[in-house]
Amino acid sequence: MPDTTIFEHPLNEKCRTWLRLSHLFEQFEFHLPHGEEWHARAAVSALIDIANVLSRADIKSELLKELERNRHSLSGMAHTPGVDTDRLEHILQDLRQTCQGVREIKGQLGHALRSNEFLNSIVQRSSIAGGNFDFDLPQYHHWLRMPEQERLLQLDDWRHEVSAVQNAVELLLTLIRNSAVPSQEMAISGFYQKSLPGNVVVQLLRVGIPSTGGMYAEVSGGKHRFSIRFMDCSDWQHPAQTDSDVAFTLSTCLI
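This report concerns the structure included in the present document.

Rules used in this analysis
- Residues numbered from 1 in each chain as written.
- Predicted model: local features only at pLDDT ≥ 70, side-chain atom pairs only at ≥ 80, totals over all residues.
- Heavy atoms only, no water.
- Pairing = 2+ DSSP bridges.
- Helix = DSSP H or I, 4+ residues; strand = E, 2+ residues; numbered from the N terminus.
- Axes fitted to C-alpha atoms, helices over the stretch in contact; angles between N-to-C directions.
- Parallel < 35°, antiparallel > 145°, perpendicular 65-115°, else oblique.
- Left-handed = near helix turned anticlockwise from the far one by under 90°.
- Contact = heavy atoms within 4.5 Å.
- Nonpolar A, V, L, I, M, F, W, Y, C, P; charged D, E, K, R; others polar.

For the rest of this paragraph, the subject is the sheet that holds strand S1 (residues 4-10). Within a sheet, neighbouring strands are paired by backbone hydrogen bonds and run either parallel or antiparallel to one another. Judged by pairing direction, the sheet is antiparallel, and its 4 strands sit side by side in the order S1-S4-S8-S2 without closing on themselves. The open sheet has two edge strands with one neighbour each: S1 and strand S2 (183-187). Put simply, the sheet's adjacent strands are angled 30 degrees from each other on average, direction ignored. With 5 bridges connecting them, strand S4 (residues 204-210) and strand S8 (residues 246-253) associate as antiparallel partners.

This is the structure in structure tokens:
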């Protein structure tokens, strides 16, 4: 709902990485269609961050493992009464194609971006506040002044290097988010705690509260239990847990 804010909290490192990548891909996609220099700068910044996140050597194997695990899990539902078999087959086909796309990437994910000398020149100056000014990076300044279509073609070419990763991350997060039906819960005096069953692995918590309530959800937890504190931010410098009971929706996502 448009008047509800969803606070997501991952309960394992894999899901945390998928969420970070998804956020960066969204940032890149938002700025990509716009021709102004500041949009181009923001798109390049997001692309560099994506390449940095993908520098972990185990991300490719983790993506493939998760895609295969989901495919195997969902395949077992084919003969379950009441299952929409057409929809299920469509999802399984998406999983097969996405898995193949990741497999076809040669070497480490994002390696072509991290070995790009032009992008590396920007990375080297990014640690300095204001370090990517015109006199610091004249080649970048020249690139930003190139015709819009030329820049868009270059950005699209760089995106192609990680498009299979983007497809995989978005598919996995869609499956995770859709794996749970939100339940109505109540946090007494702004606090809620719950233990998790030991025989399943919960990947993501999604907490929904009214956007106009003047509060935010602070979630913490691990594989055995989690807690939620609802913080009153009427004093932005010193938010504090509310004393009021708070009604909220909770999705405990696992697949």
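On we go.
At a minimum axis distance of 11 Å, the contact between helix H3 (residues 59-75) and helix H9 (residues 163-177) shows a crossing angle of 45 degrees. Of the possible angle classes, the one that applies to H3 and H9 is oblique. Between H3 and H9 lies a crossing of left-handed hand. Two secondary-structure elements touch here, H3 through Leu 63, Glu 66, Leu 67, Asn 70 and Leu 74 and H9 through Val 165, Ala 168, Val 169, Leu 171, Leu 172 and Leu 175. Tallied by class, the residues present in the contact of H3 with H9 amount to 9 nonpolar, 1 polar and 1 charged.

Moving on to the pairing of strand S6 (residues 225-232). Successive residues of a regular strand alternate their side chains across the two faces of the sheet. The sheet contact formed by strand S3 (residues 191-195) and S6 spans 5 bridges and is antiparallel. Within S6, the residue paired with Ser 195 across the bridge is Arg 225. When strand S5 (residues 215-221) meets S6, the two strands line up antiparallel, connected through 7 bridges. Within S6, the position partnered with Val 219 by the bridge is Ile 228. Between S5 and S6, which follow one another and run antiparallel, lie 3 residues.

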